[in-house]
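Descriptive analysis of the structure
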Amino acid sequence: MEQLYDLSRRFPDKFIHKNPSGFGDYIQHSVIRQRLLSVVGPYSQEVKHITRETLVDKQGNSREVITGVVLALTVEIDGQLVTVEEAGDVEQPFNWFTDGARMKDAVSDAVKRCAMAFGVGLHLWAQFEGQSEYFLDKQ
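Residues numbered from 1 in each chain as written. Predicted model: local features only at pLDDT ≥ 70, side-chain atom pairs only at ≥ 80, totals over all residues. Heavy atoms only, no water.

1. Things to note about the sheet that holds strand S4 (residues 62–77)
Spatially, the 3 strands line up as an open sheet ordered S3-S4-S5, and their pairing is antiparallel. Looking at the sheet topology across the chains shown, the edges are occupied by strand S3 (44–56) and strand S5 (80–89). The sheet shows a mean angle of 20° between the axes of neighbouring strands, taken without regard to direction. Sheet strands in contact with helix H3 (residues 99–117) are S3, S4 and S5, and its direction is about 35° off that of S4. (Pairing = 2+ DSSP bridges. Helix = DSSP H or I, 4+ residues; strand = E, 2+ residues; numbered from the N terminus. Axes fitted to C-alpha atoms, helices over the stretch in contact; angles between N-to-C directions. Contact = heavy atoms within 4.5 Å.)

2. As for the packing of helix H2 (residues 29–40) against H3
Contact pair H2 / H3: the axes reach a minimum separation of 10 Å and the direction vectors enclose 45°. When the axis of H2 is compared with that of H3, the two are oblique. For the pair H2 and H3, the crossing hand works out as left-handed. Each of His-29, Ile-32, Arg-33 and Leu-36 in H2 lies in contact with H3, whose residues at this interface are Val-107, Ser-108, Val-111, Lys-112 and Ala-115. Residues belonging to the contact of H2 with H3 are distributed by class as follows: 5 nonpolar, 2 polar and 2 charged. (Parallel < 35°, antiparallel > 145°, perpendicular 65-115°, else oblique. Left-handed = near helix turned anticlockwise from the far one by under 90°. Nonpolar A, V, L, I, M, F, W, Y, C, P; charged D, E, K, R; others polar.)

3. Let's talk about unusual backbone geometry
Of note in this structure, Asp-78 is not a glycine but carries a positive phi near 50°. With respect to the element layout, Asp-78 can be found in the loop between S4 and S5. Look at Asp-78 and you get partly exposed, because its relative accessible area is 34%. (Buried < 20%, exposed > 50% of the residue type's maximum accessible area, 1.4 Å probe, protein only.)

4. Concerning the packing of aromatic side chains
Considering all chains together, one arrives at 1 aromatic pair under this definition. Just above the ring of Phe-11 sits the side chain of Arg-35; from NZ or CZ to the centre is 3.9 Å. (Phe/Tyr/Trp six-rings, centres within 6.5 Å; stacked < 30°, edge-to-face > 60°. Lys NZ or Arg CZ within 6 Å of the ring centre and 35° of its normal.)

5. Some remarks on H2
Since there are 3.6 residues in each turn of an α-helix, residues three or four apart along the chain are aligned in direction. Here H2 contains 12 residues, and its C-alpha end-to-end distance of 16 Å stays within 8% of the 16 Å for a straight helix at 1.5 Å per residue. Within the span of H2, buried status applies to Val-31, Ile-32, Arg-33, Arg-35, Leu-36, Val-39 and Val-40. Elements in contact with the buried residues of H2: helix H1 (2–8), strand S2 (25–27), S3, S4 and H3. (Expected span 1.5 Å × (residues − 1).)

6. So, the pattern of salt bridges
Per the counting criterion, the structure on display carries 7 salt bridges. Between Asp-25 and Lys-18 there is a salt bridge, and its shortest N-O distance comes to 3.3 Å. Asp-25 gets classed as partly exposed once you look at its relative accessible area, which sits at 33%. Judged by relative accessible area, Lys-18 falls into the exposed class, the value being 66%. For the salt bridge of Asp-99 with Arg-52, the shortest nitrogen-to-oxygen distance reads 3.0 Å. On the criterion of sequence distance, the pair formed by Asp-99 in helix H3 and Arg-52 in strand S3 is long-range, its members being 47 residues apart. You can call Asp-99 partly exposed: its relative accessible area is 23%. Connected through salt bridges with shared partners, the residues Arg-52, Asp-99 and Arg-102 form a single ionic network. (Salt bridge = Lys/Arg side-chain N within 4 Å of Asp/Glu carboxyl O.)

Written out as structure tokens, the structure is:
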């Protein structure tokens, strides 16, 4: 369970950023990917589903845009091949000019959520009323 432990280690404070929207702290996508690569090596990902919705922009125009994806992330952890599927969201769909950019945003979110299922950055979600309820890295 060495790799699982390494995945679940807390990130140093220098990698943790305040969310401008005020909802929780976050770790950059690139840092999450570095943790995955440094611990499990190469991995695979597959977009299983693309969510599209018709939304109205600030000018009142109605457009169908990508708003999310379901991503499967497959890694080998401690000799066991594991696949996790998670949804990724496009938080602000009209911040992006193309569906390609919206897709990248949704995939980035989904990768972080999949990685969380392996313990990566999980300590950020294990907060309740300002107190940490994270214990995985101590087992």
